[in-house]
Amino acid sequence: MPAVTADTLTLPRLEVPLAGADSSAPRSRPVRSITTAPDGYEGEGFPVRRAFAGVPLADLDPFVHMDQMGEVDYAPYEPRGTDWHPHRGFETVTYIIDGTFVHQDSHGGGGTISDGATQWMTAGRGILHIETPPEELVVSGGLFHGVQLWVNLPSRSKMVEPRYQNLDADLVTLVASPDGGALVRLIAGDLGGHRGPGSTHTPIVVAHATVAPGAQLVVPWDPTFNALAYVLAGSGAVGDERHPVRTGQLVVFGDGDTVVLTATGADSLDVLLLGGQPIREPVVQYGPFVMNTKAEVQQAFEDFQRGVLGTVPADGIRPFRGRRS
Ligand code: MN
């Protein structure tokens, strides 16, 4: 269960506008595709679901990649993270729903991400970073659930200075559906006049919704954005057609003014809602780099080898291994 909860009856309401883009009634976005994320391993061996696998980049644009980390209840000495590695040409957004990651980068950023906090790192021209569970969590084990999302940068912004935003859990904008049956945590962008704390290079929305069993959430959605819904936990129905969805499935919606989600299981439905204005440029992703051309990716590898993307600080943290019992 997500660490950040609230009494939805006391929150501002997420109202659906009376009219859609062409001043007729708002149109619910139809479901274009539903895909199931395959399991994989990331970094030093932590379990992930590859949320976007098999989905054309044009449908994802401006997003590139997403891993769901957990939800997992680790045994002692089981938690794993990543060691130091580079990025260039995009942004990594790490949202920790439950549990803790510590992180540090070669640009002077660092800190703790836990229980509803988001680390928004603009790699831009280049950065090295590490994300790893803290020593006490490695020793104790425990609940861990999070998401890492890659947001593309347009060609004009790929080589910007690296930047770091620490969006603590208490900065997240909380809104509720009109009947209080759904809680929406708005991390970045604008939904129905409410604004999330994240600052973005192109217009996007990142939000985490929890829909109570039996409840329905109708989310006003910018008609110029694409619309994606990834099921973090639970089961439900999407769109007016009520297509069934469950944990680990990604929904790509077609055009329209609203996104409709219904929780149909015995437990709450947790969904990550994503959308943005498509960048519509060529995307060449290889390993940790997301550029416009193969030559730019090659250059990124060469720059990384030469230390241009940064170096591990002298006091750089290291993955904690400890001793297995
Ligand atoms: Mn990374």
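Rules of the game
Along each chain, numbering runs from 1 in the same order as the chain's sequence is written. Local features in a predicted model are, by the rule used here, given only for residues with pLDDT of at least 70; side-chain atom pairs are given and counted only at 80 or more, and totals for whole chains, interfaces and linings are based on all residues. Water and hydrogen atoms play no part in the side-chain values, which are based on all heavy atoms of the structure. Throughout this description, the term nonpolar core refers to a set of buried Ala, Val, Leu, Ile, Met, Phe, Trp, Tyr and Cys residues connected via side-chain atoms within 4.5 Å. Accessibility here uses a 1.4 Å probe with only protein chains present; expressed as a share of the type maximum, an area under 20% marks a residue as buried, one over 50% as exposed, and anything in between as partly exposed. Helical segments are the DSSP runs of H or I of at least four residues, strand segments are the runs of E of at least two, and each set is numbered from the N terminus. The term salt bridge refers to a pairing of a side-chain nitrogen on Lys or Arg with a carboxyl oxygen on Asp or Glu at a separation within 4 Å. Only nitrogen, oxygen and sulfur atoms count as donors, using a 2.8 Å cut-off from the metal that widens to 3.2 Å for Na, K and Ca. Water is left out, so coordination shells may look unfilled.

Observations concerning the nonpolar core
Next, step 1: Within the largest apolar cluster, 29 residues are counted, with the highest numbers of intra-cluster contacts made by Leu191, Leu217, Trp221, Leu261 and Leu273.
Next, step 2: Those elements that place two or more of their residues in this core are strand S14 (182-188), strand S17 (204-211), strand S18 (216-220), strand S19 (227-233), strand S22 (249-253), strand S23 (258-263) and strand S24 (269-276).
Next, step 3: Here this core takes 4 residues from S17, the largest share from any one element.
Next, step 4: Within the second largest apolar cluster, 27 residues are counted, among which are Phe52, Leu60, Ala188 and Ile204.

Topic: the pattern of salt bridges
Next, step 1: As enumerated under the stated definition, the model contains 7 salt bridges in all.
Next, step 2: The partner of Glu161 in a salt bridge is Arg125, with the nearest N and O atoms 3.3 Å apart. Placement of the pair is Glu161 in the loop between strand S11 (142-152) and strand S12 (163-167) and Arg125 in the loop between strand S9 (118-122) and strand S10 (127-132), with a sequence separation of 36 residues.
Next, step 3: Judged by relative accessible area, which is 48%, Glu161 ranks as partly exposed.
Next, step 4: The class of Arg125 is partly exposed, set by a relative accessible area of 38%.
Next, step 5: A salt bridge links Arg306 to Asp303; the shortest N-O distance between them is 2.8 Å.
Next, step 6: Asp303 sits in the buried class, given a relative accessible area of 8%.
Next, step 7: Counted as one network, the salt bridges with shared partners bring together Glu42, Arg50 and Asp67.

What to know about the coordination of the manganese ion
Next, step 1: The manganese ion binds to the protein through His85 (NE2), His87 (NE2) and His129 (NE2); the donor distances cover 2.1 Å.
Next, step 2: Considered as a linear motif, the donors of the manganese ion on their single chain read H-x1-H-x41-H. One end of the pair, His85, is in strand S5 (residues 85-87); the other, His129, is in strand S10, and 44 residues separate them in sequence. The two residues His85 and His129 agree in class, both being buried.

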